[in-house]
Amino acid sequence: MVIMMNIQKQNLSNIAVKNSIYNLSSIIISKIGGLLLTIILARLLLPELFGLYSLIISLVVIAITMTDFGIDIAGVRYMSKALGKEDKKMARSFFRFLFKVKGLLIILIILVTLIIAKPISQTFFNKPLIFLPLLFSCLYIFTESTRTLFTIPFSARKNLKIFPPLELIHQISRLTLSLIAISILSYELKISGIFIAFAISGFLFLFLELFILIKKDREVVFGEIVRINTKRVLKYIGFTGLTGITLAFFGSIDILMLGRFVDAEYLGFYRAALTLVISLASLLPFSGVLLPIFTQIHGKRLDRGFEKSFGYLIILIIPMSIGLMFISKYVIFLIYGKEYLLASSSLLVLSSLIIISPLISLYSTIFQAKEKPKILAKFMLVSLVMNIILNYILIKLLLNISQEYALFGAGSATLISNIFFLVVLINKTKFQFKIKPDKRIILKSIFSTIAMAIFLFIFMKYVNINIFSGVIMIILAALIYFSVMFLIKGLIREDLNLLKIIFRK
């Protein structure tokens, strides 16, 4: 009881900051490692093979999401709530139940993948080279699904400090093994070898994760259990899982539909641009860290916690998105090489997702934490249908001009449907929770971004852009943006102090 009272008295901002540091470290390692892996694969495989790899990884992401079906989020929510009351038996019972459910889902999804691999590769996509990699991807599906399951106890305890070193080992092993596979295997087997490398790396992560869990906190998993309300949990999982699967299709439908209509190399162009955007958007970890905290707070404290998170996101995402639009061509050339310059038009339209995706994630966290996933599932499904229809119309329409224009159409469809979903979430949040973030921070960020954009336009017009001048330009642009924000009091004293704590740690 005393421990619970002490937890309740803790400053939730400091808890969020501490976990943000660990989570940010893990995400930075994961995203930099993933981006580095993607860049290397893109350069070594070249557009055609990289396009095929992109198509397979999109299918694999959907399969992994189906094995999860909202179980990881449900585990964090219910275990966090039980541990907040110091009820370890209840937390353990939730985990054991979710372990059984996810185990069955993993077996089922792998069997389905093995059965449909041939017709999907040869009939639907008309790309026979993806058949064998799809079979080997089942190993990766197993390891990835299992390792995320055992992150639940750590996340529920808000103990994220083990993940940065584990993620570093994971990324290094994945990159190293992938390079070995590409170097020793033939053209037809390179992609299969990559997924075998991913699986071996996942097994290593899982082994270390289980070792730490058993050594440090085995009582959260092993021991007596009590009866839980399984119907309530399954209902939550149902809506959360539907949301997750819809979101997975939402994020992959453009690649899947392009895979049906365009050549493999154009899939590579689109994936190259999309990876950059996703990597930048994913560097903003607030929503994942705040799920356990949002579960335990209500009223004005919830309003304040959401408003602070919203403010920090806005300060970062608006200039990141606009800045990337300005330098899209140079970024593509520098990172991927001249073979991928056709990806710059896709990057131009997809850059806006850097604003939209983190906000969708943040707003979604409120509904997940407050056990209202039905709203997310409902409107995400509507947005997915809109995305599919728009993708089909725009791809088919612009394909008559060229395949490059078809990529632009797919990006536009994804952007429009994401905007629709975000608008719905904003309105529903106002109605359900009476949360209405301060619009002044948005206006201040937009004003500061305009000043930054003017500088970028002038600099790029009169200065020859190379690696050195490009780095100088980005540094100066960031300085101009934050200077203007400070001058118009976009960053108040409390925010500056919190940022100092983050950088100091």
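So, here's what we can say about the structure. (Residues numbered from 1 in each chain as written. Predicted model: local features only at pLDDT ≥ 70, side-chain atom pairs only at ≥ 80, totals over all residues. Heavy atoms only, no water.)

Here we look at the overall build of the protein
Here comes step 1: A tally of regular secondary structure across the protein gives 20 helices and 0 strands.
Here comes step 2: Taking all 505 residues of the protein together, 53% fall into the buried category.
Here comes step 3: Once local pairs closer than 6 in sequence are excluded, the contacts in the protein between residues at least 24 apart make up 85%.
Here comes step 4: Of the accessible surface of the protein, which amounts to about 23400 Å², a share of 70% is contributed by carbon and sulfur atoms. (Helix = DSSP H or I, 4+ residues; strand = E, 2+ residues; numbered from the N terminus. Buried < 20%, exposed > 50% of the residue type's maximum accessible area, 1.4 Å probe, protein only. Contact = heavy atoms within 4.5 Å. Areas by Shrake-Rupley, 256 points an atom, 1.4 Å probe, with all protein chains shown as cover.)

Side note on the packing of helix α18 (residues 440-462) against helix α19 (residues 467-487)
Here comes step 1: Put simply, α18 and α19 touch, their axes get as near as 9 Å, and they point 150 degrees apart. Our classification of the angle between α18 and α19 gives roughly antiparallel. Crossing of α18 over α19 shows right-handed handedness. Contact residues: α18 offers I441, K444, S445, F447, S448, T449, A451, M452, F455, L456, F459 and M460, while α19 offers S469, M473, L476, A477, I480, Y481, V484 and M485.
Here comes step 2: Of the residues contributing to the contact of α18 with α19, the split by class is 15 nonpolar, 4 polar and 1 charged. (Axes fitted to C-alpha atoms, helices over the stretch in contact; angles between N-to-C directions. Parallel < 35°, antiparallel > 145°, perpendicular 65-115°, else oblique. Left-handed = near helix turned anticlockwise from the far one by under 90°. Nonpolar A, V, L, I, M, F, W, Y, C, P; charged D, E, K, R; others polar.)

Looking at the side chain of S178
Here comes step 1: If you trace the backbone, S178 turns up in helix α7 (residues 163-184).
Here comes step 2: From its side chain, S178 meets the backbone oxygen of R174 in a polar contact 2.7 Å long.
Here comes step 3: When near neighbours in sequence (up to four residues on either side) are disregarded, S178 contacts L37, I194, A197 and F198. (Polar contact = N/O pair within 3.5 Å; in protein donor to acceptor, adjacent residues only side chain to side chain.)

Comments concerning a nonpolar patch on the surface
Here comes step 1: Residues L334, I467, F468, V471, I472, I475, L476 and L479 make up a contiguous nonpolar surface patch of about 780 Å² in total accessible area.
Here comes step 2: With 7 residues, α19 is the largest single contributor of residues to the nonpolar patch.
Here comes step 3: Along the chain, L476 turns up in helix α19. (Patch = residues over 30% accessible without salt bridge, like charges linked within 9 Å, V, L, I, M, F, W, Y side chains within 5 Å. Salt bridge = Lys/Arg side-chain N within 4 Å of Asp/Glu carboxyl O.)

Description of helix α5 (residues 131-149)
Here comes step 1: Helix length check: α5 (19 residues) gives 28 Å between terminal C-alpha atoms against 27 Å at 1.5 Å per residue, within 8%.
Here comes step 2: The largest bend along α5 reaches roughly 25 degrees and is located at S137.
Here comes step 3: Burial in α5 covers these residues: P133, L134, S137, C138, Y140, I141, T143, E144, S145, T146, R147 and L149. (Expected span 1.5 Å × (residues − 1). Bend = angle between axes of the 7 residues up to and from the residue.)

With respect to the nonpolar core
In a soluble, globular protein the nonpolar side chains are often hidden away together inside.
Here comes step 1: If you look at the biggest cluster of nonpolar residues, it comprises 104 residues, and the most contacted ones within it are Y53, F195 and Y336.
Here comes step 2: Apart from the residues lying within four places of it in its own chain, the contact partners of Y53 are L41, L45, I191, I194, F195 and F198. (Core = buried A, V, L, I, M, F, W, Y, C linked by side-chain atoms within 4.5 Å.)

With respect to the environment of L376
Here comes step 1: Within the secondary structure, L376 sits in helix α16 (residues 373-399).
Here comes step 2: Judged by relative accessible area, which is 1%, L376 ranks as buried.
Here comes step 3: Placed 11 residues apart in sequence, L376 and T365 show a C-alpha to C-alpha distance of 9.9 Å.

Points about the packing of helix α10 (residues 264-281) against helix α13 (residues 328-336)
Here comes step 1: One way to put it is that α10 packs onto α13 with a least axis distance of 11 Å and a crossing angle of 105 degrees. Looking at the two axes, α10 sits roughly perpendicular to α13. Each of A272, T275 and L276 in α10 lies in contact with α13, whose residues at this interface are V331, I332, I335 and Y336.
Here comes step 2: Of the residues assigned to the contact of α10 with α13, the class counts are 6 nonpolar, 1 polar and no charged.

A closer look at the pattern of salt bridges
Here comes step 1: Following the criterion strictly, the structure yields 1 salt bridge and no others.
Here comes step 2: Put simply, R147 and E144 hold a salt bridge, and the shortest N to O gap is 2.9 Å. Linking R147 with E144, this pair stays in helix α5, spanning 3 residues, or about one helical turn. A single burial state applies to R147 and to E144, both of which are buried.

Description of the packing of aromatic side chains
Here comes step 1: Here the structure, examined in full by the defined rule, presents 14 aromatic pairs.
Here comes step 2: Measuring from ring centre to ring centre gives 6.0 Å for F261 and Y392, while their planes differ by 65 degrees; the resulting arrangement is edge-to-face. Within this pair, whereas F261 is found in helix α9 (residues 230-261), its partner Y392 is found in helix α16, the two being separated by 131 residues in sequence.
Here comes step 3: Y392 gets classed as partly exposed once you look at its relative accessible area, which sits at 43%.
Here comes step 4: Seen from their ring centres, F455 and F459 are 5.6 Å apart, and the 45 degrees between their planes marks the pair as tilted. (Phe/Tyr/Trp six-rings, centres within 6.5 Å; stacked < 30°, edge-to-face > 60°.)

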